[in-house]
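Notes for the structure review
Residue-level listing of the chains:
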Amino acid sequence: MSADGADAVEMRAALVRLRRGTGLPVAFGGLMAGGIMTAGTGSVRIGELSGAVTGALRGLAIATGNGLGGKALALSRPCAVTDYPVSRHISHEYDAAVAAEGLLSVLAVPVVVRRRVRGVLYGALRTAQPLGDRTLGEAVAAARDVEQALVVRDEARALLAAVAGAGAAGPVAGGVAGPVAGAAGSGAGAAVGSAAWEEVREAHGALRALAPRVMDPALREELLAVCGRLASATAPPPVRDVGLTPREVDVLACVATGATNAVTAERLGLRPETVKGYLRSAMRKLGAHTRLEAVVASRRAGLLP
């Protein structure tokens with residue numbers, strides 16, 4: 001799935017949440033052209049509509065500072081008006097499209113990731129009445145969903161780029177993590193190799209933790225494929241299929257980096273008791289009696305790097 005396709009999925013889910021949580025009949029939104037607002041300038045193209053009866057809003061380019069959404073982008077905070085056509089608090093470049101859809105009370109919430117504006121969500125009524133704090137709170141929560149999805153996607157792409165950069169330094173089996181191969185000779189080289197493999201293992205654990213949270217199926221598959229290449233880069237062929245579930249491998253990948261059950265739970269979005277259950281199940285399948293034995297057995301089976 002392309003980045004634009006992933007954006008559409010994330011935005012669509014947020015708009016559905018917004019309408020369900022508030023009862024607003026119309027919601028719409030989009031992300032910044034080019035990804036982020038630069039030096040306070042940029043535009044959002046409205047790409048997703050929910051509950052609209054016309055296509056008047058679709059494709060509308062919202063410039064920073066213009067209209068209600070542009071004001072929210074410029075200020076990096078939610079804004080609302082009770083009667084859009086006559087409001088003196090906004091400019092009116094988009095009145096024709098708003099009127100065509102029959103909207104009066106409108107709110108706009110910016111999507112902000114690491115202090116950079118990335119998009120905007122709108123919710124609207126076709127009657128002129130105040131939008132209360134509860135409605136605003138739900139709109140902010142929907143925007144946070146999009147922000148979290150963008151953070152996860154950004155982190156995933158950064159990790160993939162880091163792994164690819166390591167591979168470009170010199171191939172090993174599986175074409176991953178080149179610094180390891182050249183380090184295998186001398187004692188000094190072995191130390192470098194050990195350090196490089198620790199980086200590989202940390203990257204593997206981070207990728208495994210991120211993958212279940214990625215909404216874009218193509219990016220998720222790419223993450224898991226890289227995990228597979230990292231795990232098998234120098235591992236011998238597995239003697240037997242131990243039958244670990246994906247979540248059991250996720251937990252072991254975190255444990256292998258030294259993470260406690262509590263840290264593992266936080267990374268994977270699970271409860272600590274659930275992590276313990278996955279770990280016990282994995283240890284039983286691997287014939288391991290300790291966490292360390294489970295990690296070693298997983299590496300021998302080619303499940304972890």
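In this report, we go over the structure that sits alongside the text. (Residues numbered from 1 in each chain as written. Predicted model: local features only at pLDDT ≥ 70, side-chain atom pairs only at ≥ 80, totals over all residues. Heavy atoms only, no water.)

Our focus in this paragraph is helix H2 (residues 67–75). Restricting attention to buried positions, one finds in H2 the residues Gly67, Leu68, Gly69, Gly70, Ala72 and Leu73. Looking at the buried residues of H2, the elements they touch are strand S2 (43–45), strand S4 (61–63), strand S5 (79–81), strand S6 (105–113) and strand S7 (116–125). Ser76, located one to two residues past H2, shows a positive phi value of around 60°. (Buried < 20%, exposed > 50% of the residue type's maximum accessible area, 1.4 Å probe, protein only. Helix = DSSP H or I, 4+ residues; strand = E, 2+ residues; numbered from the N terminus. Contact = heavy atoms within 4.5 Å.)

On inspection of all chains with the given rule, the structure shows two cavities of 30 Å³ or more. The computed volume of the largest cavity comes to approximately 80 Å³. Around the largest cavity sit Phe28, Leu57, Leu60, Ile62, Gly67, Leu68, Gly69, Tyr84, Tyr94, Val98, Val106 and Tyr122, which together line it. The dominant element in the lining of the largest cavity, judged by the number of residues it contributes, is H2, at three residues. Grouping the constituent residues of the lining of the largest cavity by class yields ten nonpolar, two polar and no charged. Taken as a whole, the second largest cavity encloses approximately 30 Å³ of empty space. Lining the second largest cavity are Arg201, His204, Ala253, Ala256, Leu304 and Pro305. (1 Å grid on protein atoms, 1.4 Å probe; cavity = no way out; pocket = protein on both sides within 12 Å on 5 of 7 lines; lining within 4 Å. Points joined across faces, edges and corners; volume = space filled by probe spheres on them. Nonpolar A, V, L, I, M, F, W, Y, C, P; charged D, E, K, R; others polar.)

Judged by how many residues are buried, S7 sits mostly within the fold: nine of ten residues are covered. With nine bridges connecting them, S6 and S7 associate as antiparallel partners. Across the sheet, residue Val113 finds its bridge partner in S7, namely Arg116. (Pairing = 2+ DSSP bridges.)

Burial runs high along helix H7 (residues 246–255): nine of the ten residues are buried. Within the span of H7, buried status applies to Arg247, Glu248, Val249, Asp250, Val251, Leu252, Ala253, Cys254 and Val255.

On to the pattern of salt bridges, then. One pass over the structure, following the stated rule, counts seven salt bridges. Its salt-bridge partner being Arg144, residue Glu147 comes within 2.9 Å of it at the nearest N-O pair. Here the residue Glu147 and the residue Arg144 both occupy positions in helix H4 (residues 133–168), the gap between them amounting to three residues, near one helical turn. Look at Glu147 and you get buried, because its relative accessible area is 8%. (Salt bridge = Lys/Arg side-chain N within 4 Å of Asp/Glu carboxyl O.)

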